[in-house]
Every structure is written in C-alpha cells, then in structure tokens.
There are 2 protein chains.
Amino acid sequence: MNFEFSEKVKGLKPSAIREIFKSLTDPSVISFAAGNPSPLSFPVEKLQGLANEIFENEAASSLQYGITEGYYPLREQVAKRLKDKFNIGKDFDSTIIVSGGQQGIDLACKVLCNEGDTVVCENPSFIGALNAFRSYNVNLKGLDVGDDGIDPCELEALLKKDKRVKLIYLIPTFQNPAGITTSLEKRKAILAIAKKYGVVILEDNPYGELRFSGEDIPTLKSMDDEGIVLYCGSFSKVLSAGMRVGFVCGHSELVQKIVVVKQTNDVHTNLFFQMLCSRFIDRYGLDEHVKSIRALYGKNCAKMLSCMDEQFPSTVKYTRPDGGLFLWVTLPEGTDMKEFIKRTIDAKVAVVPGETFLPEPDKKTYSFRMNYSMPTEEQIEKGVGLLGGVIKSMNI
Amino acid sequence: MNFEFSEKVKGLKPSAIREIFKSLTDPSVISFAAGNPSPLSFPVEKLQGLANEIFENEAASSLQYGITEGYYPLREQVAKRLKDKFNIGKDFDSTIIVSGGQQGIDLACKVLCNEGDTVVCENPSFIGALNAFRSYNVNLKGLDVGDDGIDPCELEALLKKDKRVKLIYLIPTFQNPAGITTSLEKRKAILAIAKKYGVVILEDNPYGELRFSGEDIPTLKSMDDEGIVLYCGSFSKVLSAGMRVGFVCGHSELVQKIVVVKQTNDVHTNLFFQMLCSRFIDRYGLDEHVKSIRALYGKNCAKMLSCMDEQFPSTVKYTRPDGGLFLWVTLPEGTDMKEFIKRTIDAKVAVVPGETFLPEPDKKTYSFRMNYSMPTEEQIEKGVGLLGGVIKSMNI
C-alpha cells in the first residue's frame, strides 16, 4: 500500500525534542534536553485527595461527556485569576479550556490561516508551535529575538511587504528556547504594529508565572484594548504536564470559532482533570504552589549559570533568564555544530541543538538549549562539567 | 476587531447535538437526544482504586509529559485485544492512543485530504465526523445506508467518477445515527472496491463491542490484507467518555504520520487516564464489564422498541438495532419536520432531527435519532408515549 499524504503534512517531521525524549531512557545520560517541569512541581498528595473526592461525590459527571468550552467552574476560575493577577480579559474576551497550550496554538492557526499564508515567529522559537503551523502548510518567517525580543521595525517591514501574514506568534516572557523576555517598550511597539496592520498576535505564555528574579512585565494581552491578542496559557508547568490542560483567552468572536473547531478535534478536554484543576484552585489556590516551583527553578538556574561561568570559556555566550525553564548557549560563529552535538552524546550529556528551533531551516545557528527544571543540582554540576570538557576538546 | 477566518473553518457550525446537550439542563425534559453512554457503565469504584494505586506508586510519571504514540503498555494491550478478539492487526499495522475516537477521525482527514478533496460517507452519518471533515474544507458525498449498509455499486460509481476521493468513512457496526449494521457481503464488496481504487477506508467502530443480539460480523479491518483500512476505536462507550481515550490501528506508515500530526495537535493524550485504562484492563479485563453494558442497553432497546410498537402508527418506520446506542425513526415522506420537532420540544421530549446527520445538507430527510443508553425504563415509557402523542397530533 502506497499512501499519498496531504500537502500540509507531507514534509512534517517529528519534533526532535520528543524524539530525544524517547531516547533518554539511558539513565547514565545527564539530560538538559527536556522541556519537562520538575516532578517536584506536581502536588501529588493534594491531587490524590481531591481525585478521591471527585470519585466519591461526582464520579458520574466527571467520567461523562462534557461541553467543548470546558468545565464551567474552571473557566470562571481561570478568567478570574487572569483578571485579578495579570489584568487580562476585557468585556469582549472569553476563556476556554484546551488540551494543553499546544492545542490552543494548533487551533489558532487552523482558524486563522489558509495554506500559503504567513505566520511570523521569533527566531528561534518553540518547536511544538512551529510544527503545528507547518502542519497547516503556512510559511514561517522568523525574526531574531536578540536580548529583549524581536525588533519591532523588522516586524513592521515584514507586515508591510507580506500581505499574507495572518498570525504573529510570540512567547514574550521567558522565551522557549532563548530564555529571554521581551521588554515593555518593545511589547508596546509590537502591539501598535499588529493593530495598525490588523494581524492577530498569539501570545503564548506557559512560563509567565515562573519568574524567580526581576519584576513582572505586563503581558501583551493585558494591554490589548481591541481583542487583537489571543492569549494561550497552561497548567502544564504549574500542576501537571501529563494531564494536558491549558486555556485560551481572546476576543469571543475568535474564541467561539476555536470552540467549534475544538469540538471536531477532541470534543472536549479530559473532564476529570479539568475538575481536578478546579478543585485544586478552589481548595489551595495556585499562588503558594507556584511560589515553591519558582524557588526551585531559581535555585537550579543559578546553579547552572554559576557552573557555566566556571566551566565555559568567555567565547561562549549564554542568556541569564529571570524565569522559565530554559537558557540558550551560543558558541562562536563557525563552530562545527554537528561535531559538537556528536561529542556531547559521546560524553553522555544531552542538549537540544539550536537548529531544532529555527522557523526557517536554511538559517544558521551556533546555539543550543539547556533545561534546568529537570536535573538535580548534582546533575547540573556534573553535566555542565562534561559540556565544558566537550567545548574545550573542540578548542572553542 | 473584525476577524477573517480561514476558508476551511469559515462556514463551520457547532454540532447541533452538542448544542442540544448544553440546553438539556431542564430536568423536566425527557431526552432521547444524547449520544452519551449510561453513567451505569462507568466502573467508578474500580477506577478509583486503581487511580489511588497510580497516585501512590507512579504519580511522577503519570503527571509528566509522555510520548505521543501513547502509554506503551496500553498500546500493547489494545493491540493484543484487537488481535485476540477481533482478528485485527497484521504485521504492517501499528496501534496508537488518541484523545477519543474523534481525534482519530480528525487526524485521519488531516493526514490524507487536501482542501477540495472528497470524503465519502454514509448518509446519514456521525455529525462529529462530518464536521471534522468539513473543518478541512473537503467535499462530502453521502451514500444512503439502507437496512444493511451502503450500496457497493453506488460506491464504485462514485469512485469511478470522482478522482479526488481520498477517504471512505464508514461506521459498519451499529451505525450512528441509523442503528444499522453493514452485512458481511457488503463489507467484502466495499473492501474490494476500496482496494481497486486505492482509497483508504476509515472504519469507525466505537460501538462494535456493544452487541446485545445476533452474531458478530467481521470488521473491515479484520479482512484487510493490504493496510487500506484505518480502524478507529474508543474507550468512551466502555469505560468513560469524559476521559477522552481512544485508539487507532492502521498501516504503520499511515499511523506514523498520524503520530507526527498528533504531536503538533496535543502532544499526547492525558497520561494518567491512559495508565488508568491500562491498569483496568490488566486487573479486570474489559469483557465482564462490557457484558454488563450490553445487557443494560439490550434491555433499554427492547423496552424502547416495544413502547414504539405500541405507541407509533404503522406509517412510522424504525430500525431494530442489534447493538450500539441508537435507533432511527422515519416518518412518512412529506411530514413537516420543523413542525414535528417544534411539537416534541413543546411536549418536553428531545430527539435529534435527521438533518443533523446529512453529509449533504440539501438532501431531504424525514427521520430522527433516538438514544436508549441514557434514559431509564420509566423515561423510555413516558417519552415514547409523548412522542406517540406528537405523532398522532400531526395525523401521521
């Protein structure tokens, strides 16, 4: 049997990270390649207690079909928390529950983009989003992120030239993979340009709550007085990634269309875990729990940076994140990246090669991504030492 | 803000059933409109016990990211059960876990169809599938199902004429909404035609296990020696609908592409519930549990049929299903269906109008769907009485 696949999925490759994740069963490898939250961030006992309450009092409704928009109390809680803590949500906005942030990204593209349209992304950007866009056969244009986000002038030049841009995809806070945060000034400029050209911004903010240093910067969505920003959030990094529960907040007209398309996609998100999230927020709130995750990641990040400061030569540059899960290391121009990655594998330390995150695959990169949420302090020390050894072995 | 939606989703409407489901909060309405499994079919205590074991012994992995293909032991169990019980799965096949059968249908279409391609369906057919296909902007062609499935000659004529048919979507067993089962003879003929024209069949079989009378008929997939049939199954009707766990079995080449696209869609299916399904099968097996559901639905269906035999005039025709959740009632040609549905609502009894299930909306139908898995025997008696009253009031 010879299958002919649709144009949109023909060239689609599995995410290199998911593939790396699969191969990381060798316990002797120290992995900085994951995008996983720390298992210490899962409030297991509390979830178990609440799960038992649901089984005892509401089993029938938790195991039955639910409505596509999501479990109503959870939608209300999410909307209230977005409003109270982040000033997100105007009268024209509404909030729905999705099966992880990934589904929000996928459906946003499906709803807004025809094949051949353009999605503007940061360069580098989240591979899961890039592949979701690719699966709808859109063109990806990447704008370099620099230290504080993309250059608004470059964005404007692109929008002026390319009339098929239907979506601007940004992770303004603790960007994946670069670990940088877009400045307030740039956020305002980007928002003004999006408005001027009438192009929807998809603000992906899975890490926004995980700040361990510096001051919060207002989200794009909080400054959105027209409904041009679609905001995507997730419980993956604050309660559980495996449960696949996220949310989307945006102009009701847009959100209603996303609901209709979600209905054809998976009917609704696992209802039991929607109820579990809702009970958790109700009983314990998220703030205390998030605080403990922040402290953990802050400690790990500081440890990783201090080890790198010690082990890496000054020719190697890296970001110093104020939050999130990742930092981004750049080797000197001209480094043989294939050889470098080969040597890290031989040394039994795993990072994700930068090319994974390129919206436009023909561009060059000398960078790689490191994750500090998963490894222990001991693993960080040992793994950074191994990476330092590889770097030195290549005379970088 | 004025949003411009993609061509593929522009005309998409929410499923009438999901909308009816939302409005069914009035407890005085007797509903035969649902597609829900009976809450009595959820093995609550067993699931609770197993959930506690997972929380106690494997919490960290159950709440963490998993691989897109699905929880490995569950994949193995599903593949083994398909093989042992239904003779499904050749060497070239592989099995993955999806977020309910709905996601399997959605991804099959995404992977195989370009916009403007044709999907052949039964007329009437499952609205969730029809809307999933519509969301990829394909053309739907409906072949009337009759009493024992579509006419293979009509299928061949269509495939001969329309070179853009990329998928044949069938629910051969206890069809939704018609409650009919495609005969073995027709199954063989359909399979031969699909092979001849090289068009993939998507065999949707969410109800196949729920036979309460007659003998099992081999699935299309069990007779598939080339990998042309993609088989879609679900735990929704046998363990829990709200958990959103289903599976797809098909030629590995096709399944691998579906995995890549699922990765961009929701990364993976809720892992905790995948593990819960796996533990359930491991500890209790599905057979005993399924047997009890069959008995319940058989009793309900018999009750509904006997009430209808009593209450409905002979001008009203209906199917007599051997399994599944639905039966299909057809009023005499020319009946004012708008008026009929209006009167059922006034009488506080809910059915789903047949037009909901039309692949081609300009066709005519005088039918409606009735569900017998949800109502109690008392509700069946009272509701069928009310429907009989409406029918009489219209001099049908």
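Please read these numbers as outputs of a predicted model, since none were measured by experiment.

Colleague: Even after reading the chapter, I still don't get the overall build of chain A, so can you show me in this structure?
Modeller: Broken down by element type, chain A carries 14 helices and 13 strands. Against the 2.2 N^0.38 benchmark of 21 Å for 396 residues, chain A shows a C-alpha radius of gyration of 21 Å, consistent with a compact globule. Its C-alpha atoms put chain A at 60 × 55 × 55 Å along the principal axes. Here the contacts in chain A between residues at least 6 apart in sequence split such that 78% fall between residues at least 24 apart. A total accessible area of about 14,300 Å² is found for chain A, and carbon and sulfur atoms account for 50% of it. Charge-centre separation for chain A: the mean point of 48 positive side chains lies 2 Å from the mean point of 51 negative side chains.

Colleague: Looking at this model, I keep getting lost on the relation of the copies chain B and chain A. Mind explaining?
Modeller: Taken together, a rotation about one axis and a shift along it account for how the two chain copies relate. The two copies are related by a screw motion: chain B maps onto chain A through a turn of 180 degrees and a shift of 0.0 Å along the axis, at an RMSD of 0.0 Å. Put plainly, the chains are arranged around a two-fold axis. Scanning chain B for the C-alpha nearest the rotation axis identifies Asn270 of chain B, at a separation of 3.5 Å. Of all interface residues in chain B, 100% are interface residues in chain A too; the two copies therefore contact each other through one and the same surface.

Colleague: Would you explain the pairing of strand 7 (residues 229–234) of chain A in this entry?
Modeller: If a strand is regular, its side chains alternate between the two faces of the sheet. All names here are of chain A. Taken across its 6 residues, strand 7 has 6 buried, putting it largely inside the fold. Burial along strand 7 is two-sided: the residues Val229, Tyr231 and Gly233 and Leu230, Cys232 and Ser234 are all buried. As paired strands, strand 7 and strand 8 (residues 246–251) are joined by 4 bridges and run antiparallel to one another. Bridge pairing in strand 8 links Ser234 to Gly246.

Colleague: Sorry if this is basic, but what is going on with the sheet that holds strand 4 (residues 139–144) of chain A here?
Modeller: Strand pairing in a sheet takes place through backbone hydrogen bonds and is either antiparallel or parallel in direction. Residue and element names in this part refer to chain A. The strand order 2-8-7-6-5-3-4 describes an open sheet built from 7 strands, whose pairing is mixed. Looking at the sheet topology across the chains shown, the edges are occupied by strand 2 (93–98) and strand 4. Strand-to-strand twist in this sheet, taken as the mean axis angle between neighbours without regard to direction, amounts to 20 degrees. Bridge count for strand 5 (residues 165–170) against strand 6 (residues 200–204) is 4 bridges, and the pairing is parallel. Each residue of the ladder has a partner; that of Leu170, found in strand 6, is Glu203. Here helix 5 (residues 72–86) sits on the sheet in contact with strand 2, strand 7 and strand 8, set at roughly 125 degrees to strand 2. Set on the sheet, helix 8 (residues 152–161) makes contact with strand 3 (118–123), strand 4 and strand 5; between it and strand 4 the angle comes to about 155 degrees.

Colleague: What is the right way to read the side chain of Thr356 of chain B from this model?
Modeller: Note that Thr356 of chain B resides in the loop between strand 12 (352–353) and strand 13 (367–371). Polar contacts involving the side chain of Thr356 of chain B include one to the main-chain carbonyl oxygen of Pro353 of chain B, which spans 2.8 Å.

Colleague: What's the story with the layout of surface pockets in this structure? I'm lost.
Modeller: To locate leftover empty space, one rolls a probe as large as a water molecule over the atoms. Residues and elements named next belong to chain B. Quantified by volume, the second largest pocket comes out at close to 590 Å³. What lines the second largest pocket is a set of 26 residues, among which Gly354, Glu355, Thr356, Leu358 and Pro361 lie closest to the centre. Element by element, the count of residues in the lining of the second largest pocket is highest for helix 13 (residues 337–346), at 4 residues. Partitioning the lining of the second largest pocket into residue classes produces 10 nonpolar, 8 polar and 8 charged.

Colleague: Teacher, can you tell me more about the sheet that holds strand 12 of chain B here?
Modeller: Residues and elements named next belong to chain B. Strand order in this open sheet of 4 strands is 9-10-13-12, and the pairing throughout is antiparallel. Two strands close off the open sheet at either side, each with one partner strand: strand 9 (317–318) and strand 12. Here strand 10 (residues 326–330) runs beside strand 13; their pairing, made up of 5 bridges, is antiparallel. Note on strand 13: the bridge partner recorded for Trp328 is Arg369.

Colleague: Looking at this structure, I do not really get the state of the cysteines. What am I missing?
Modeller: Working definition of a disulfide: a covalent bond connecting the sulfur atoms of two cysteines. Residues and elements named next belong to chain A. Inspection of every chain in the model, using the stated rule, returns 0 disulfides over all chains. In this structure Cys249 is not part of a disulfide, and its nearest cysteine sulfur, from Cys232, lies 11 Å away. Judged by relative accessible area, which is 2%, Cys249 ranks as buried.

Colleague: Where do I start with the pattern of salt bridges in this structure?
Modeller: Should the charged atoms of two oppositely charged side chains come close, the side chains can pair. Residues and elements named next belong to chain A. The tally for this structure, following the rule as stated, stands at 48 salt bridges over all chains. Residue Asp117 pairs with Arg164 through a salt bridge whose shortest N-O separation is 3.0 Å. Of this pair, Asp117 sits in the loop between helix 6 (101–112) and strand 3 while Arg164 is found in the loop between helix 8 and strand 5, placing the two residues 47 residues apart along the sequence. Residue classification places Asp117 among the buried residues on the basis of a relative accessible area of 2%. For Arg164, a relative accessible area of 40% translates into the label partly exposed. Several salt bridges converge on common partners, so that one network encompasses Arg81, Lys85, Glu209 and Asp287.

Colleague: Whenever I open this one, unusual backbone geometry confuses me. Can you help?
Modeller: Backbone phi values are negative for most residues with the exception of glycine, while trans is the configuration of most peptide bonds. Cis peptide bonds are those with omega within 30 degrees of zero, and the linkage from Asn123 of chain A to Pro124 of chain A qualifies with 0 degrees. Here Pro124 of chain A lies in the loop between strand 3 and helix 7 (127–134). A positive phi angle, near 55 degrees, is found at Asn395 of chain A, a position not held by glycine. Examined against the element boundaries, Asn395 of chain A turns out to sit in the segment after helix 14 (377–393). Unlike most non-glycine residues, Lys348 of chain B shows phi in positive territory, near 65 degrees. Residue placement: Lys348 of chain B occurs in the loop between helix 13 and strand 11 (349–350).

Colleague: Looking at this structure, I do not really get the interface of chain B and chain A. What am I missing?
Modeller: The figure often quoted for interface size is the accessible area lost as the parts come together. Facing 85 residues of chain B, the contacting portion of chain A comprises 85 residues. Our enumeration of links across chain B and chain A arrives at 0 salt bridges. Where chain B touches chain A, the interface holds 45 residue pairs in polar contact (both at pLDDT 80 or more). Counting only elements with at least two residues in the side of chain B that touches chain A, the list comes to helix 1 (7–10), helix 2 (16–23), helix 3 (44–57), helix 4 (59–63), helix 6 (101–112), helix 7 (127–134), helix 10 (252–266) and helix 11 (271–284) of chain B. It is helix 10 of chain B that provides the largest number of residues to the side of chain B that touches chain A, a total of 9 residues.

Colleague: Hey, could you run me through the packing of aromatic side chains in this one?
Modeller: In this description, an aromatic ring pair is defined by two values, namely the gap between the centres and the angle between the planes. Taken as a whole, this structure holds 25 aromatic pairs over all chains when the rule is applied. A ring pair is formed by Phe3 of chain A and Phe5 of chain A, whose centres lie 6.4 Å apart and whose planes are at 20 degrees; its orientation type is stacked. Each member of the pair, Phe3 of chain A as well as Phe5 of chain A, carries the same accessibility label: buried. Ring centres of Phe273 of chain A and Phe273 of chain B lie 6.0 Å apart, and the angle between their planes is 80 degrees; on these two criteria the pair is classed as edge-to-face. A residue pair is termed interchain when its members come from two chains, as with Phe273 of chain A in helix 11 (residues 271–284) and Phe273 of chain B in helix 11. For Phe273 of chain A, a relative accessible area of 0% corresponds to the buried category.

Colleague: In this structure, what is going on with helix 7 of chain B? I would like to understand it.
Modeller: The α-helix winds at 3.6 residues per turn, so residues separated by three or four positions along the chain end up facing the same way. Among the 8 residues that make up helix 7 of chain B, 7 are buried, leaving the element largely enclosed by the rest of the structure. All of the buried residues along helix 7 of chain B are Ile127, Gly128, Ala129, Leu130, Asn131, Ala132 and Phe133 of chain B.

Colleague: Can you help me understand the environment of Ile201 of chain A in this one?
Modeller: Following the sequence through the fold, Ile201 of chain A ends up in strand 6. Excluding residues within four positions of it along the chain, Ile201 of chain A makes contact with Ile168, Leu170, Ile190, Leu191, Ala194, Leu220, Ile228, Val229 and Leu230 of chain A.

Colleague: So what exactly am I meant to see when it comes to the confidence of the model for chain A here?
Modeller: A low pLDDT means the predicted coordinates there should not be read in detail. A residue-level look at chain A finds 98% of positions with pLDDT of 70 or above and a mean pLDDT of 95. Across the assembled chains, the prediction reports ipTM 0.97 with pTM 0.97.

Colleague: Just to check I follow, could you spell out the side chain of Thr335 of chain B for this structure?
Modeller: All names here are of chain B. Note that Thr335 resides in the loop between strand 10 and helix 13. Among the polar contacts made by the side chain of Thr335, one reaches the main-chain carbonyl oxygen of Pro332 at a distance of 2.6 Å. Each residue touching Thr335, except ones within four places of it in the same chain, is listed here: Tyr366, Met394 and Ile396.

So, how was this worked out
- Residues numbered from 1 in each chain as written.
- Chains lettered and ligands numbered in written order.
- Predicted model: local features only at pLDDT ≥ 70, side-chain atom pairs only at ≥ 80, totals over all residues.
- Heavy atoms only, no water.
- Helix = DSSP H or I, 4+ residues; strand = E, 2+ residues; numbered from the N terminus.
- Rg over C-alpha atoms; globule rule 2.2 N^0.38 Å.
- Contact = heavy atoms within 4.5 Å.
- Areas by Shrake-Rupley, 256 points an atom, 1.4 Å probe, with all protein chains shown as cover.
- Lys, Arg positive; Asp, Glu negative; His and termini not counted.
- Charge placed at Lys NZ, Arg CZ, Asp CG, Glu CD.
- Least-squares fit on C-alpha atoms with pLDDT ≥ 70 in both.
- Buried < 20%, exposed > 50% of the residue type's maximum accessible area, 1.4 Å probe, protein only.
- Pairing = 2+ DSSP bridges.
- Axes fitted to C-alpha atoms, helices over the stretch in contact; angles between N-to-C directions.
- Polar contact = N/O pair within 3.5 Å; in protein donor to acceptor, adjacent residues only side chain to side chain.
- 1 Å grid on protein atoms, 1.4 Å probe; cavity = no way out; pocket = protein on both sides within 12 Å on 5 of 7 lines; lining within 4 Å.
- Points joined across faces, edges and corners; volume = space filled by probe spheres on them.
- Nonpolar A, V, L, I, M, F, W, Y, C, P; charged D, E, K, R; others polar.
- Disulfide = S-S within 2.5 Å.
- Salt bridge = Lys/Arg side-chain N within 4 Å of Asp/Glu carboxyl O.
- Phe/Tyr/Trp six-rings, centres within 6.5 Å; stacked < 30°, edge-to-face > 60°.
- pLDDT = per-residue confidence, 0-100.

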